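Summary of the model geometry
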Amino acid sequence: MSTQPYGPRIDAEEIQSALEHHADATPTAIREVLAKALELKGLDDQDVAVLLSNTDPEMDQEIFATAAEIKTTIYGNRLVLFAPMYITNKCQNECKYCAFRASNKNLTRRNLTMEEVAQETRFIIEEGHKRILLVAGESYPAGEGLDYVYKTIETIYDTKSGNGEIRRLNVNIAALDVEHYKKLKACNIGTYQLFQETYHRPTYEYMHTAGPKSDYDWHIGAIDRAMEGGIDDAGIGVLFGLHDYRFEVLAMMHHARHLEDRYGVGPHTISVPRIEPAEGSVVTLNPPAPVKDHDFLRLIAILRLAVPYTGIILSTRENASIRRQCYNLGISQISASSRTNPGGYSEHDTSHDAGSQFSLGDHRTLDEVIADCLEMGYIPSFCTACYRRGRTGADFMDLAKPGLIKEFCQPNAILTVKEYLEDYASPDTRQLGEKMIKDSVEDIEKDRLKCDVCDRLTQIEDGERDLHY
Ligand code: SF4
């Protein structure tokens, strides 16, 4: 085990001065950074500060256009889909922006039983999902502790319904020590996510007043401990709205580089939740550093330029209109048909937000989201192949960097959307999807691959499932 302190060094003054130094960046300087970004090798802090400091709307349009070009070059027109599953809304922490915080008495608290977990899983499967993001507050049933989480993971993987199953389970739970990360890894998880919420220490301390999460250093070192526990597939993120988004983006880049330098692999994903009203939370009604829609688009585009091979995840916090605008700028994964309360899928609560962590902006069903993506020219993907074939961590990055994502991911998107159309789609969505499949197959350049994909599509029509590259 390393003797160095865990986590990146976040020097607030250094970040602030980089932003101020580039406040008057000229269009020429910005275009130089955009040209560098197009080499797909990522950007350094000074480059990112140049882009973040820009205030010229015309240059923003050039930033957006470059991000869109990079998104298409690397990811094609795919969007990977998942559903979050909240297994408990109990929590010992006091995060001012969260409805689950311990002192909030307005919430009905519960941990799902294993029967309820299986029931939720069946609902998610029957909608057509193949990926779940498991989410929990930091409080596990007495006498069980983290075994409760491990048992839940096993239950989700073991649950089947019709032709469906969950093939990849990502996890977003509180910071752990190395030994517990080893156990989590042994549960066959995909990505482990933990968001720093804010990298700005005084803001962090103001927002987190009690519980283990109130320790900034413990929290910021968590991904290091996860890596030392063998989890090489990690996701980071910020809750935008707590502090200046420009500071947060630069700090997040420090975190990403720290992981790459120390463990040879940067974050697999970056999440960009923006603060939304949460039950009884004054902070969420009046966020200290609200991020306007245009700035939200900017930060996504700049992340796409800065870390071109890192997935960017967008949740249903955002409404359908904003989500549509974000896809092109660099988003590679989206949640759909989400519930953020334990039991929210199977219990059909009509208010959607009862017992939830925060309010949602997009209440559409998975079928509606898929139809919308297809109409916009995106191919939805339920692919889980890399993780199941061991292409994770540095191996995944080696694969991604030469641009091979298209070789594996595009055919897998075609095959998994075909399964969705066969098993779950409405007639209208099926029609849109079949057209997308036809067009996508035609676009495959290598004849052998094209033939093979066609063969597999026929096999799926004949009832085969889970065919992947
Ligand atoms: S953000 Fe997480 S840790 Fe904080 S109160 Fe909510 S569930 Fe608990």
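Whatever comes next refers back to the structure up there.
Before going into details, it helps to say that this report is about the structure given with it.

1. Some remarks on the overall build of the protein
- Scanning the protein for helices and strands turns up 20 helices and eleven strands.
- Computed over the C-alpha atoms, the radius of gyration of the protein is 21 Å, within 12% of the 23 Å expected from 2.2 N^0.38 for a compact globule of 469 residues.
- Oriented by its inertia axes, the alpha-carbon framework of the protein measures out at about 60 × 60 × 45 Å.
- Among the 469 residues that make up the protein, the fraction classed as buried is 62%.
- The contacts of the protein with a sequence gap of at least 6 include a subset with a gap of at least 24, amounting to 75%.
- A total accessible area of about 18200 Å² is found for the protein, and carbon and sulfur atoms account for 49% of it.
- Each charge class in the protein was averaged separately, 51 positive and 73 negative side chains, and the resulting centres sit 2 Å apart.

2. Quick notes on the packing of helix α4 (residues 57-75) against helix α13 (residues 293-306)
- Between α4 and α13, the least distance of the axes is 9 Å, while the angle of their chain directions is 50 degrees. By the angle between their directions, the pair α4 and α13 is classed as oblique. α13 is crossed by α4, and the crossing has left-handed handedness. Mapping the contact onto sequence places Asp60, Ile63, Phe64, Thr66, Ala67, Ile70, Lys71 and Tyr75 in α4 and His294, Leu297, Arg298, Ala301, Ile302, Arg304 and Leu305 in α13.
- Its residues assigned to classes, the contact of α4 with α13 shows nine nonpolar, two polar and four charged.

3. Examining the environment of threonine 108
- Topologically, threonine 108 is positioned in the loop between β1 (78-88) and α5 (114-127).
- Judged by its relative accessible area of 67%, threonine 108 falls in the exposed class.
- Separated by 247 residues in sequence, threonine 108 and glycine 355 place their C-alpha atoms 6.1 Å apart.

4. Overview of the packing of helix α2 (residues 27-37) against α4
- Between α2 and α4, whose axes approach to 10 Å, the crossing angle comes to 5 degrees. Overall, the two elements α2 and α4 adopt an arrangement that is roughly parallel. Contacts between α2 and α4 involve Pro27, Ile30, Arg31, Leu34 and Ala37 from the former and Met59, Glu62, Ile63, Thr66 and Ile70 from the latter.
- Along the lines of polarity and charge, the residues of the contact of α2 with α4 split into seven nonpolar, one polar and two charged.

5. Some thoughts on the site of the ligand
- The immediate surroundings of the ligand are formed by Cys91, Asn93, Cys95, Tyr97, Cys98, Phe100, Arg101, Gly137, Lys213 and Gln357.
- Residues of the shell around the ligand, tallied by class, amount to five nonpolar, three polar and two charged.

6. A closer look at unusual backbone geometry
- A positive phi angle, close to 70 degrees, is found at asparagine 188, a residue other than glycine.
- With respect to the helices and strands, asparagine 188 occurs in the loop between α7 (178-186) and β6 (192-193).
- Since its relative accessible area comes to 45%, asparagine 188 is described here as partly exposed.
- Even without a glycine there, the phi angle at aspartate 466 is positive, about 65 degrees.
- If you trace the backbone, aspartate 466 turns up in the segment after α20 (447-461).

7. Comments concerning the pattern of salt bridges
- Here the structure, examined in full by the defined rule, presents 37 salt bridges.
- Two residues, aspartate 233 and arginine 168, come together in a salt bridge whose shortest N-O distance is 3.4 Å. Of the two residues, aspartate 233 sits in the loop between α10 (222-228) and β7 (234-237) while arginine 168 sits in strand β5 (residues 168-172), which places them 65 residues apart along the sequence.
- Of the charged contacts, one joins arginine 274 and aspartate 293 as a salt bridge, the two residues approaching to 2.9 Å between their closest N and O atoms. On the criterion of sequence distance, the pair formed by arginine 274 in the loop between β8 (269-271) and α12 (282-285) and aspartate 293 in helix α13 is long-range, its members being 19 residues apart.
- With a relative accessible area of 41%, aspartate 293 lands in the partly exposed category.
- Connected through shared salt-bridge partners, Lys160, Glu165, Arg167, Arg388, Glu419 and Asp466 make up one network.

8. Looking at the environment of threonine 152
- Of note, threonine 152 is situated in helix α6 (residues 147-158).
- We classify threonine 152 as buried; its relative accessible area is 0%.
- On a C-alpha basis, the gap between threonine 152 and cysteine 386 in space is 23 Å, while along the polypeptide they are 234 residues apart.
- Beyond its immediate chain neighbours, meaning those up to four positions away, threonine 152 contacts Ile87, Met114, Val117 and Leu134.
- Within the local environment of threonine 152, its side chain forms a polar contact with the backbone oxygen of tyrosine 148, the two atoms lying 2.7 Å apart.

9. Some remarks on helix α11 (residues 245-263)
- The end-to-end C-alpha separation of α11 is 27 Å, in line with the 27 Å expected for 19 residues at 1.5 Å each.
- Once α11 ends, the next one or two residues include glycine 264, with phi positive near 80 degrees.

10. Things to note about the packing of aromatic side chains
- All told, the structure shown has six aromatic pairs when counted by the stated rule.
- Seen from their ring centres, tyrosine 181 and tyrosine 192 are 4.9 Å apart, and the 70 degrees between their planes marks the pair as edge-to-face. Of this pair, tyrosine 181 sits in helix α7 while tyrosine 192 sits in strand β6; the two residues are eleven residues apart in sequence, bridging distant segments of the chain. Neither tyrosine 181 nor tyrosine 192 differs from the other in exposure class; each is buried.
- When the centroid spacing of 5.5 Å and the interplanar angle of 80 degrees are considered together, the rings of tyrosine 327 and tyrosine 378 count as edge-to-face. Here tyrosine 327, found in helix α14 (residues 320-327), pairs with tyrosine 378, found in the loop between α15 (366-376) and β11 (379-381); they are 51 residues apart in sequence, far enough to count as distant. There is no split in this pair, since tyrosine 327 and tyrosine 378 are both buried.
- The rings of Phe382, Tyr420 and Tyr424 are connected pair by pair, giving a single aromatic cluster.
- For the cation-ring pair, arginine 225 lies above tryptophan 218, with the distance from its terminal atom to the ring centre recorded as 3.5 Å.
- In this arrangement the basic side chain of arginine 274 is found over the ring face of phenylalanine 296, its NZ or CZ atom lying 4.4 Å from the centre.

Rules used in this analysis
- Residues numbered from 1 in each chain as written.
- Predicted model: local features only at pLDDT ≥ 70, side-chain atom pairs only at ≥ 80, totals over all residues.
- Heavy atoms only, no water.
- Helix = DSSP H or I, 4+ residues; strand = E, 2+ residues; numbered from the N terminus.
- Rg over C-alpha atoms; globule rule 2.2 N^0.38 Å.
- Buried < 20%, exposed > 50% of the residue type's maximum accessible area, 1.4 Å probe, protein only.
- Contact = heavy atoms within 4.5 Å.
- Areas by Shrake-Rupley, 256 points an atom, 1.4 Å probe, with all protein chains shown as cover.
- Lys, Arg positive; Asp, Glu negative; His and termini not counted.
- Charge placed at Lys NZ, Arg CZ, Asp CG, Glu CD.
- Axes fitted to C-alpha atoms, helices over the stretch in contact; angles between N-to-C directions.
- Parallel < 35°, antiparallel > 145°, perpendicular 65-115°, else oblique.
- Left-handed = near helix turned anticlockwise from the far one by under 90°.
- Nonpolar A, V, L, I, M, F, W, Y, C, P; charged D, E, K, R; others polar.
- Near = heavy atom within 4 Å.
- Salt bridge = Lys/Arg side-chain N within 4 Å of Asp/Glu carboxyl O.
- Polar contact = N/O pair within 3.5 Å; in protein donor to acceptor, adjacent residues only side chain to side chain.
- Expected span 1.5 Å × (residues − 1).
- Phe/Tyr/Trp six-rings, centres within 6.5 Å; stacked < 30°, edge-to-face > 60°.
- Lys NZ or Arg CZ within 6 Å of the ring centre and 35° of its normal.

Any functional reading would require information that these geometric values do not contain.
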